[in-house]
Protein chains: 2
Amino acid sequence: MATIKEVARLAGVSVGTVSNVITGTASVAKRRKERVLRAIQELNYHPNYVARSLKLQRTKMLGMIVSDITNPFFSQVVRGAEEAALKQGYLLLTFNTDDHEERERQVLSVLRSRRVDGILLVVAPSKTKPTHIVETLKAGIPVVCLDRLPPGIAVDSVTVDNVAAARECVRHLIAQGNQKIGIITGSLALATAQQRLLGYEKAMHEANLDVDKRWVRRGDFRSESGYQLGREILQEENRPTALFVSNNLMAYGVLRALDDLGLQCPRDLAIATFDDPAITQVFRPRLTAVFQPAYSFGYTGAELLIQRIESKTTGESPISIRLPTELHIRESSATIFSRPEARGEWETSST
Amino acid sequence: MATIKEVARLAGVSVGTVSNVITGTASVAKRRKERVLRAIQELNYHPNYVARSLKLQRTKMLGMIVSDITNPFFSQVVRGAEEAALKQGYLLLTFNTDDHEERERQVLSVLRSRRVDGILLVVAPSKTKPTHIVETLKAGIPVVCLDRLPPGIAVDSVTVDNVAAARECVRHLIAQGNQKIGIITGSLALATAQQRLLGYEKAMHEANLDVDKRWVRRGDFRSESGYQLGREILQEENRPTALFVSNNLMAYGVLRALDDLGLQCPRDLAIATFDDPAITQVFRPRLTAVFQPAYSFGYTGAELLIQRIESKTTGESPISIRLPTELHIRESSATIFSRPEARGEWETSST
DNA sequence: TAGCAAAGATGAATCGTTTCAGGCACGCCG
DNA sequence: CGGCGTGCCTGAAACGATTCATCTTTGCTA
């Protein structure tokens, strides 16, 4: 692999000059510049970014930590982050933690050794205050948290107002005439799951509706738990007429449970959920869902992170960006008396 | 950020000794080793992998180029690759090309500058022989192609037998009593799409079945084209009774088209398709599909790549790994006379 | 044509590791 | 007691870029 020295020799100039041609740092006479460019072509020279990183003390690489890229929500987040990063010449080093805090610790350590310029983090749930994140910040490495906030830590973030979104969503179920409304929560170790539960409780309380304890079930954001808990709730003698399911994977599980029991949505149970990937619109019933701008999570987060990196203002008061959600109303939340017979398009309201 | 020199000073030893402790290259007396480890702790020292990479002339990083990580198939591939890479201490630098050759060129150039040790590539379709890949290989950088093979290039690969899989799939449709069978192909710039078409033609030919030209429609692997072409085919006066759809996204489009026209699958049209992500099993009708081991694509590919890197045998005769597919038979391909009335489980046969 | 400013070119030092030739100390053997 | 082998340590060179103090060239003016 050719080095800058070889290019310099072939072009008959000094290494400094070649460097100036490549980086544009200082001006180089036209004729020499051409000679250098020709030499670069001829040797098929690709500047060694490792050496450059060492000298400049920055790698133009971002660490990206998510729980699982296989989840359509996070793959969109990653995609958005990549786009924003690339646009400014940064590359993305991606990791999955499957929400294991231990793995997150390891990855963070690796990223420090790799000297990434900053880190985009979808933090794993944790019982204790995540000291590894504090340490990373203390070491002067900018971190932006996406989607979830680690408890008790001052850090930049891009989030969504889960409480308000869940509340609006449950209100919609109420407006459809439902009085007995249940919820399947995500893992309550996650702030997002807690917030959605809170939003549900608020909406119910405001409408003076009772919450039967048996209608509140604790899931883990995975399809299987939606299936299990859905079955359980549906087999209660006093079962709810509507269910707020805290994410879409679990909603699919509930649909499967309904199907198993020979029941139908929305005839026997209205459903509203969170997350709204394009793919689900193909299937019946179309799900009423809170749309989160997944792509923007990543894009905005990367932009914020890069801004922090380049302005060198890490440690100043954290910036919190709130992204808007949209409640997409579709078939799955139609109640018996309001369900249209025709297959029409459905309205959409936005927050 | 602490350096090895500072660690050495704090521990009262030379930098060479610290390096030996960290890498385990040479033996260090017990007491000194402990002093060094304590100093590392105290300074919270993280070895600078950039400097190490420069010295060792390898980065322990892999480039990963896919068309779109948002596609569930590719997100699984990436996940598998990450797992295999991490297990051997390699990191993944991920890029999306959206199947644009130009972007692929750019990314390849960036990866050379970054001095990645090897590249996992889902190659973009191309009219001409992709010289940029040849060049990369000539530069001595190992490349493993996943899923698709670039035409006319000797390169390691992990693929699936698309011809055989499509053929088996269409044979199944025939066995179900269908005689008029159509196909929606992917973009024929992609080898995989061509191969699936070929498999379809083989199966039809072997069964002495006519292929009406109007039943063969050229899509682009995206949902929208499935919808459009599905509508067109269904509105032919002599429409097929079954459709082989070359990937799952387009199959969803066809389902939407059916729905729009007030038709049902499989009553009015049997469907069999390619790719079989877990999520689709939730919905009715469950799709008969050729399952591809997406995760294994990535995992196997990364293993092969790392083996090539570490044995330094690039340029030797290429290794081609063929992964097995499985035909998952479900509701969508049941024909009128064979469709069971009960909701039972469906058989699965494997290739 | 001499003088001078501005523009351009040079090359050594530097970034933080690894590696290796050489030095030191110790113990064992004859 | 001298010689030698062994085990540990040390420190300088090298990896390939950037940068900057310093030197050279160029072009302009009087």
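Every value quoted in this text rests on a predicted model; they were computed, and no experiment measured them.

Thoughts on helix H1 (residues 4–11) of chain B
Residues and elements named next belong to chain B. Taken together, the buried positions of H1 are occupied by Val7, Ala8 and Ala11. Burial along H1 is one-sided: seen end-on, the buried residues are contained in an arc of 100°. Residues of H1 that are exposed and point more than 90 degrees away from the buried face comprise Lys5 and Arg9. Looking at the buried residues of H1, the elements they touch are helix H2 (15–23) and helix H3 (30–43). Where H1 ends, the next residue or the one after it, glycine 12, has phi of about 70°, a positive value.

Thoughts on the relation of the copies chain B and chain A
When chain B is brought onto chain A, the operation consists of a screw motion whose angular component is 180° and whose axial shift is 0.0 Å, with 0.1 Å RMSD remaining. What the rotation and shift describe, once combined, is the action of a two-fold rotation axis. When each C-alpha of chain B is compared by its distance to the rotation axis, Leu93(B) comes out closest, at 2.5 Å. Interface residue correspondence from chain B to chain A reaches 98%, placing this contact among same-surface, isologous pairings.

Considering helix H10 (residues 223–235) of chain B
Its 13 residues give H10(B) an end-to-end C-alpha distance of 19 Å, which sits within 8% of 18 Å, the value for a rise of 1.5 Å per residue. Of the positions making up H10(B), those classed as buried are Ser225(B), Gly226(B), Tyr227(B), Leu229(B), Gly230(B), Ile233(B) and Leu234(B).

Digging into the environment of Val245(A)
All names here are of chain A. Residue position: valine 245 is located in strand E8 (residues 242–245). In the structure, valine 245 is positioned 175 residues away from threonine 70 in sequence and 20 Å away in space, judged by C-alpha atoms. Sequence-distant contacts of valine 245, that is, excluding residues within four places in its chain, are made with Ile184, Met250, Ala251, Val254, Ile271, Ala272, Thr273 and Phe274.

So, the interface of chain B and chain A
On the chain A side, the residues contacting the 50 residues of chain B number 51 residues. With both sides pooled, the region where chain B packs onto chain A buries about 5,100 Å², and carbon together with sulfur makes up 56% of that total. Of the charged contacts, one joins Arg103(A) and Glu82(B) as a salt bridge, the two residues approaching to 3.8 Å between their closest N and O atoms. Here chain B is connected to chain A by 16 residue pairs in polar contact (both at pLDDT 80 or more). Looking at the side of chain B that touches chain A, the elements with two or more residues in it are helix H4 (49–56), helix H5 (72–87), strand E2 (91–96), helix H6 (101–113) and helix H11 (248–260) of chain B. Of the residues assigned to the side of chain B that touches chain A, the class counts are 21 nonpolar, 14 polar and 15 charged.

Details of the pairing of strand E5 (residues 156–160) of chain B
Residue and element names in this part refer to chain B. With 5 of its 5 residues buried, E5 lies for the most part within the structure. Going residue by residue along E5, you find Asp156, Val158 and Val160 tucked away on one face and Ser157 and Thr159 tucked away on the opposite face as well. Here E5 runs beside strand E11 (residues 320–323); their pairing, made up of 4 bridges, is parallel. Bridging from a neighbouring strand, valine 160 pairs with leucine 323 of E11.

Focus: the pattern of salt bridges
All names here are of chain B. Summed over the entire model, instances satisfying the criterion amount to 40 salt bridges over all chains. Note that glutamate 83 and arginine 79 form a salt bridge whose closest N and O atoms lie 3.6 Å from each other. You can see glutamate 83 and its partner arginine 79 sitting in helix H5, 4 residues apart, about one turn around the helix. Since its relative accessible area comes to 23%, glutamate 83 is described here as partly exposed. Residue classification places arginine 79 among the buried positions, given a relative accessible area of 7%. For the salt bridge of glutamate 236 with arginine 217, the shortest nitrogen-to-oxygen distance reads 2.6 Å. Of this pair, glutamate 236 sits in the loop between H10 and strand E8 (242–245) while arginine 217 sits in strand E7 (residues 216–218), and the two are 19 residues apart along the sequence.

Basis of the calculations
- Residues numbered from 1 in each chain as written.
- Chains lettered and ligands numbered in written order.
- Predicted model: local features only at pLDDT ≥ 70, side-chain atom pairs only at ≥ 80, totals over all residues.
- Heavy atoms only, no water.
- Buried < 20%, exposed > 50% of the residue type's maximum accessible area, 1.4 Å probe, protein only.
- Helix = DSSP H or I, 4+ residues; strand = E, 2+ residues; numbered from the N terminus.
- Arc of directions from axis to C-beta.
- Contact = heavy atoms within 4.5 Å.
- Least-squares fit on C-alpha atoms with pLDDT ≥ 70 in both.
- Expected span 1.5 Å × (residues − 1).
- Buried area = accessible area lost by both parts, 1.4 Å probe.
- Salt bridge = Lys/Arg side-chain N within 4 Å of Asp/Glu carboxyl O.
- Polar contact = N/O pair within 3.5 Å; in protein donor to acceptor, adjacent residues only side chain to side chain.
- Nonpolar A, V, L, I, M, F, W, Y, C, P; charged D, E, K, R; others polar.
- Pairing = 2+ DSSP bridges.

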